[in-house]
Amino acid sequence: MNYWLLKSEPDVYSFDTLLNEKKGIWDGVRNYQARNNLKLMRNGDLAFFYHSNIGKEIVGVIKIIKEYYPDPTATDGDWVVVEVEPFCKLKKQITLEMIKKDLNLQNIGLIKQSRLSVMSIKKEEFDYILALSES
DNA sequence: GCCAACGTTGGC
DNA sequence: GCCAACGTTGGC
């Protein structure tokens, strides 16, 4: 079981859109490192849904329900998608500002690799952020 | 709108 | 294989 963080600009594709649509295809990834992470995802893995640019906060958790297959929106190259469904909405959103200030989260990919859109999250980080959102 | 931090491309 | 030029992401 692995944990991930997926970024999306909410004016393009938001967590609420996914909630309404019940299920989503994570397409359009055009970065090798992000793609490699997509390929490592397994059914049942959980991922944070982060809103970049607008909000700059983790808003929910999603579950991987279908492992990678070729991205139908790609005209060339070896790009892939996974399918996801909403798992839960966070009671309290966790902002980038909070994460940056939190001494327990200084090594999180969101800060270390700010441009990567699909990254892995340590179980401790995942559990810690979930606990924060409940507090 | 700007810019830092990357990633990609192409000339050499 | 190196590196300059350029493009993109995302925070500010």
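As the structure is a computational prediction, the values presented were derived from the model and not from experiment.

Asks: Explain the overall build of chain A to me, please; I cannot follow it from the model alone.
Replies: From N to C terminus, chain A includes five helices and six strands. Secondary structure elements in chain A, listed N-terminal to C-terminal, are β-α-β-α-β-β-β-α-α-β-α. Taken against the 2.2 N^0.38 rule, which gives 14 Å for 135 residues, the C-alpha radius of gyration of chain A at 14 Å falls within 12% of a compact globule. Expressed as lengths along the three principal axes of its C-alpha atoms, the size of chain A is roughly 45 × 30 × 30 Å. The buried share of chain A, reckoned over its 135 residues, is 43%. Residue pairs in contact within chain A that sit at least 24 positions apart in sequence constitute 67% of those at least 6 positions apart. On chain A, roughly 7,400 Å² of surface is accessible, and the fraction owed to carbon and sulfur atoms is 49%.

Asks: What is the right way to read the protein's contact with DNA strand B from this model?
Replies: Near DNA strand B, the surroundings consist of Asn31, Tyr32, Gln33 and Arg115. When the atoms of DNA strand B within 4 Å of the protein are sorted by group, sugar and phosphate make up 58%. The class makeup of the residues in the surface near DNA strand B is one nonpolar, two polar and one charged.

Asks: Looking at this structure, how should I read the nonpolar core?
Replies: In summary, soluble globular proteins display a tendency toward joint burial of nonpolar side chains. Core analysis: the biggest nonpolar cluster contains 38 residues, and Leu5, Trp26, Met41, Phe49, Ile58 and Ile62 have the highest contact counts within it. Ignoring anything within four residues of it in the chain, the contact list for Trp26 reads Leu6, Lys7, Ser8, Tyr13, Phe49, Ile62, Val80, Val81, Val82 and Val84.

Asks: Help me out: how do you make sense of the sheet that holds strand S5 (residues 80-95) in this one?
Replies: Strand pairing within a sheet occurs via backbone hydrogen bonds; the two strands may be parallel or antiparallel. Taken together, six strands build an open sheet; the order of strands is S2-S5-S4-S3-S1-S6 and the sheet is mixed. Each of the sheet's edge strands pairs with one partner strand only, and the pair in question is strand S2 (24-26) and strand S6 (118-121). Adjacent strand axes in the sheet meet at a mean angle of 40 degrees when their direction is disregarded. As judged from the six bridges shared by strand S1 (residues 3-8) and strand S3 (residues 46-51), these two strands associate in the parallel manner. If you follow Trp4 over to S3, its bridge partner there is Ala47. Across the sheet, helix H2 (residues 32-40) touches S1, strand S4 (57-70), S5 and S6, and the angle it forms with S6 is around 55 degrees. Here helix H5 (residues 123-134) sits on the sheet in contact with S1, S3, S4, S5 and S6, set at roughly 45 degrees to S5.

Asks: Got a minute to help me understand H2 in this structure?
Replies: One turn of the α-helix equals 3.6 residues, which is why residues spaced by three or four share an orientation. Among the residues making up H2, those that are buried are Ala34, Arg35, Asn37 and Leu38. An end-on view of H2 places all buried positions within 160 degrees of arc, on one side of the element. The inward-facing, buried residues of H2 contact S1, S4, S5 and S6. Between the side-chain oxygen of the N-cap and the backbone nitrogen of Gln33 there are 3.0 Å, and the N-cap of H2 in question is Asn31.

Asks: Before we go on, may I ask you to explain the environment of Ser14 in this structure?
Replies: Along the polypeptide, Ser14 turns up in the loop between S1 and helix H1 (15-21). Take Ser14: its relative accessible area is 12%, and that puts it in the buried class. Residues Ser14 and Lys92 lie 78 residues apart in sequence; the distance between their C-alpha atoms is 16 Å. Not counting chain neighbours up to four residues away, the residues in contact with Ser14 comprise Phe49 and His51.

Criteria and cut-off values
Residues numbered from 1 in each chain as written. Chains lettered and ligands numbered in written order. Predicted model: local features only at pLDDT ≥ 70, side-chain atom pairs only at ≥ 80, totals over all residues. Heavy atoms only, no water. Helix = DSSP H or I, 4+ residues; strand = E, 2+ residues; numbered from the N terminus. Rg over C-alpha atoms; globule rule 2.2 N^0.38 Å. Buried < 20%, exposed > 50% of the residue type's maximum accessible area, 1.4 Å probe, protein only. Contact = heavy atoms within 4.5 Å. Areas by Shrake-Rupley, 256 points an atom, 1.4 Å probe, with all protein chains shown as cover. Near = heavy atom within 4 Å. Nonpolar A, V, L, I, M, F, W, Y, C, P; charged D, E, K, R; others polar. Core = buried A, V, L, I, M, F, W, Y, C linked by side-chain atoms within 4.5 Å. Pairing = 2+ DSSP bridges. Axes fitted to C-alpha atoms, helices over the stretch in contact; angles between N-to-C directions. Arc of directions from axis to C-beta. Polar contact = N/O pair within 3.5 Å; in protein donor to acceptor, adjacent residues only side chain to side chain.

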